[in-house]
Each structure stands twice: as C-alpha cells, then as structure tokens.
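Structural features, examined
These are the residues of each chain, in order.
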Amino acid sequence: MIFVASVGAATPAVAGTGAPQSVPAGSTYADTTSVGVHNTYEKTAYPYLADALDSGTALIELDVWSNFAAPGWRVAHNNPVGNDNNCAGAQTAAQLRGGPRDTGLEGCLSDLRAWHDANPGHRPVLVKVEMKDGFNAGCGLGPDEFDQFSAGCATHGPGEFDALVGERLGDALLRPADLVGDSGLTLDEAVQERGWPTVDEMAGKFVFELIPGTVEEVNPLDDLWTDREYATHLRDLAATGRLAEAAAFPAVHGAQSGDPRETRYDPTVRPWFVFFDGDASDYLGGGIDTRWYRDRGYILVMTDAHRVAPPIDGVSPPQGVALGRVSLLAQHSASVVTADWTALPQVLSAVSPRG
C-alpha cells in the first residue's frame, strides 16, 4: 500500500519548473494541493475500490442514482436501474477483493469502512459524490430517509443520505459540524474565522462532497438541484440545532468569475457552501481570480487537469509531466486536481503547497 508522508515530514512535490517543493509542517487541509481520480468506482479504473484507496489518491468519485421507488442508492455511470461498479460490500479487509462487485452505495461505503479499519491513519480522502439524477425527497427520499422504504416508495433525500453515510462510516467522517463546533457560525464563517484542521489532524477521515449530476442538470422538470437542496438542508439543520447529523458538504458546480454563490442561491443558503468544483480549463482560461478561493479557505476541486493548455495525456502521461501539471494548478489555488491517472501512484500520492 502507498501512503503519503505526513505534512510535518515535508512531503516532496514538484513545481511547474520541475523543482521539488515541500509542504510546511502544520499546513491545514486548505493549504495543500493533492490529486484524485475521476470515476474511481468504474472497473476500468480499478478492479476493486480498495485498489483505488491503496493507490494513495486524495479523492475518489462515486456516481449515485436515486434508484426510483426501490430502497437504497445505485452506483453506476450510465445505468439508472442497475449497479455497475467495483465495490465489494466488504465487512472486513479480507473481503475487499475477490468477491462479487456491483453493490449499491451501501456496499461502497462498507468498503470504505473496511479499508479504513485496516488503515486507520490514512491520509484524508475526499469522496466526491455526483448525484446523477439528484435526490428524490418528494418520495420520502431525502438526506434523513436515505435507506428507508415505506408505502411502496423509497426515500432518497438529504436526511436519508446522512443516515446511511453516518451509519456506515461513523467516526471516520469529517462532518460540517466538526468545522462549526458550538460556535453558531455558518460554514463560511467557520472556515474563514476558525479555519480547517491540519492535514495531520484529519488523518483517518473521509470528507464527502456532493455535486449535482449530469442527468439532473439537464432535466427540465427538476428545479431543485443537489447543491441547493443539500445546502438548504444544512441551513435548516443548523437552525434546529441538528447540524451534527449532516454527513456531507455541497459544492458549487461549474467555474464562474466572482462569487458564484451570489447569482445562484438565496442569501440564507450561500454561507453553507465552502466547496467549489469545476473544469480546470475554465478556471485558468476564464479570467477567474482563483486566489479568491485560497484566501478564504475554500476547497477548490479542478477536474480534467490534463485538458488545460497545452493538453497532456489524460490516462498515463510521463510522471514528471503529470507532476508539473499538478504544480501548475497548485499555483492557481487548486485544492484537489483530478484526471484518470490511475497508473501513476506517485503522482496520486503527491502533496504540494497551494498557491
């Protein structure tokens, strides 16, 4: 297994010039740039999800479907009615490989827990969840009713999601409430006033990021996308003293200049976004001052790192070329950069100073 050295150990990284850098001791989660893998759940990426986790990647991605009227959530790329993934549903580390795959989301979460129990001091791992068709809270499928089933209609809402993720991962989660504490602050205020834990303090933690899905975003009948729905959920939980129930962080999806929250969300919802996620080329080529994210302690995920001009191989570029690309995006304030570099574990385990 490949593990990343602690931040205090001055993890080597590579700048755009190819010169090595080091990450200062005590750096927070928002002070560093790391590397993740797009659509990690696909069998063409890794035979088993545990293989992705062993690679040292800082981000894994799951595509999740609401499963219509059936209980639970499905995990697949293009299949809304069946599972197609590398999750084994392991209860122990010995079951992480070799058995059947194609489990639902609960099986993928079980794999995360089994791997965590076998590697309790692992680096923080960001779990990016694309809700392909969004939540289905109208049928009782919200964050609180994630794995419940009643009256022939499964609930797939934010509350149900929280319940399932919390039940499977427990103390392995870094939750929004861990940043806010008992301060009464919003997430935005907490990040700017209190900051993020250090990377060493976040050892052994999974952090969940939610983005709206490709199907949801083109559905003319869906006027409540995952980002706004989950941020509203956080706002309402905080108002009733229940923020500790929340398991995830919603992300503003898509690059946009200025503060993209101002044109997209109600003022009461905006302070519950501290994650931003979009195409790296759009952030670098769209006249966007990405220092704005770094200066406020926001987490910025830049996808399709290989497509930034000049484009490089999206699957297996030379290691030095990939590290140079990571360094370039780190200089532009990325927190995590993603591509399909599954064959480059030394790149996936790299950590650079941000900015």
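Everything that follows concerns the structure shown earlier in this document.
This section reports on the structure supplied with the text. Keep in mind that this is a model prediction, so the values were computed, not measured.

Cut-off values and rules
Residues numbered from 1 in each chain as written. Predicted model: local features only at pLDDT ≥ 70, side-chain atom pairs only at ≥ 80, totals over all residues. Heavy atoms only, no water. Helix = DSSP H or I, 4+ residues; strand = E, 2+ residues; numbered from the N terminus. Buried < 20%, exposed > 50% of the residue type's maximum accessible area, 1.4 Å probe, protein only. Contact = heavy atoms within 4.5 Å. Areas by Shrake-Rupley, 256 points an atom, 1.4 Å probe, with all protein chains shown as cover. Expected span 1.5 Å × (residues − 1). Axes fitted to C-alpha atoms, helices over the stretch in contact; angles between N-to-C directions. Left-handed = near helix turned anticlockwise from the far one by under 90°. Nonpolar A, V, L, I, M, F, W, Y, C, P; charged D, E, K, R; others polar. Phe/Tyr/Trp six-rings, centres within 6.5 Å; stacked < 30°, edge-to-face > 60°. Parallel < 35°, antiparallel > 145°, perpendicular 65-115°, else oblique. Disulfide = S-S within 2.5 Å. Core = buried A, V, L, I, M, F, W, Y, C linked by side-chain atoms within 4.5 Å. Pairing = 2+ DSSP bridges. Right-handed = clockwise from strand over helix to strand, strands pointing away.

1. Considerations on the overall build of the chain
A count of helices and strands for the chain gives eleven helices and 14 strands. Within the chain, the fraction of its 355 residues that count as buried is 57%. A sequence separation of at least 24 residues applies to 64% of the contacts in the chain between residues at least 6 apart. About 13,200 Å² of surface is accessible on the chain, with carbon and sulfur atoms providing 51% of the total.

2. Focus on helix 3 (residues 158-169)
If you check helix 3, its first and last C-alpha atoms are 16 Å apart, about what twelve residues at 1.5 Å a residue would give, namely 16 Å. Buried residues dominate helix 3, accounting for nine of its twelve residues. Residues of helix 3 that are buried: P158, G159, E160, F161, D162, L164, V165, G166 and L169. Its buried side turned inward, helix 3 meets helix 2 (105-118), strand 6 (125-131), strand 9 (206-212) and helix 6 (226-239). After helix 3 finishes, the residue G170 shows a positive phi value of roughly 50°.

3. Notes on the packing of helix 2 against helix 3
With their axes 9 Å apart at the nearest point, helix 2 and helix 3 run at an angle of 30° to one another. For the pair helix 2 and helix 3, the sense of crossing is right-handed. Of the residues in helix 3, those in contact with L105, E106, L109, S110, L112 and R113 of helix 2 are F161, L164, V165, R168 and L169. Its residues placed into classes, the contact of helix 2 with helix 3 shows seven nonpolar, one polar and three charged.

4. A few points about the packing of aromatic side chains
Scanning the model with the defined rule gives 15 aromatic pairs in all. Here Y283 and Y293 contribute two aromatic rings whose centre-to-centre distance is 6.0 Å and whose plane-to-plane angle is 85°, an arrangement assigned as edge-to-face. With Y283 in helix 8 (residues 280-285) and Y293 in helix 9 (residues 291-295), this residue pair connects regions lying ten residues apart in the sequence. In this pair, the class of Y283 matches that of Y293, namely buried.

5. Brief notes about the packing of helix 3 against helix 6
Between helix 3 and helix 6, the shortest axis-to-axis distance is 10 Å and the interhelical angle comes to 80°. Between helix 3 and helix 6, the angle is such that the two are roughly perpendicular. Each of P158, G159 and D162 in helix 3 lies in contact with helix 6, whose residues at this interface are E229, Y230, H233 and L237. Tallied by class, residues from the contact of helix 3 with helix 6 come to three nonpolar, two polar and two charged.

6. Comments concerning the state of the cysteines
If you walk through the whole model with that rule in mind, you get one disulfide. With a sulfur-sulfur separation of 2.0 Å, C87 is cross-linked through a disulfide to C108. The chirality of the disulfide connecting C87 with C108 is right-handed, given an S-S dihedral of about 100°. Remark: C108 occurs in helix 2 and C87 occurs in the loop between strand 5 (74-75) and helix 2; sequence separation between them is 21 residues.

7. Some details on the nonpolar core
In this structure, L112, F161, W196, F206, F208 and W341 are the most contacted members of the largest nonpolar core, which totals 97 residues. Ranked by residues supplied to this core, first place goes to helix 2 with six residues. Beyond its immediate chain neighbours, meaning those up to four positions away, F208 contacts L109, L112, V127, V129, F161, V165, L169, L173, A247, A248 and F249.

8. A look at the sheet that holds strand 3 (residues 32-37)
What the ten strands build is an open sheet, ordered 5-4-6-9-10-11-12-13-3-14; its pairing is mixed. The open sheet terminates on both sides in strands that have one partner only, identified here as strand 5 and strand 14 (352-353). Of the strand pairs in this sheet, strand 9 and strand 10 (residues 249-253) are connected by two bridges, and their pairing is parallel. Residue pairing for strand 10: E209 is matched across the bridge by F249. Taken strand by strand, helix 2 contacts strand 4 (59-65), strand 5, strand 6 and strand 9, and its axis lies near 155° from that of strand 9. Contacts between helix 6 and the sheet are confined to strand 6, strand 9 and strand 10, with strand 10 contributing the most and set at about 145° to the helix.

9. Here we look at the pairing of strand 12 (residues 299-303)
Of all five residues that make up strand 12, five are buried, and the element is covered over most of its length. Residues I299, V301 and T303 of strand 12 are buried on one face, and the alternating residues L300 and M302, pointing to the opposite face, are buried as well. Of the strand pairs in this sheet, strand 11 (residues 275-279) and strand 12 are connected by five bridges, and their pairing is parallel. Residue pairing across strands places F275 opposite I299, the latter belonging to strand 12. As paired elements, strand 12 and strand 13 (residues 336-339) share two bridges and run parallel to each other. Counterpart to V301 in the pairing with strand 13 is V336. The β-α-β motif built from strand 12, the intervening helix 10 (residues 319-331) and the parallel element strand 13 has right-handed crossover chirality.

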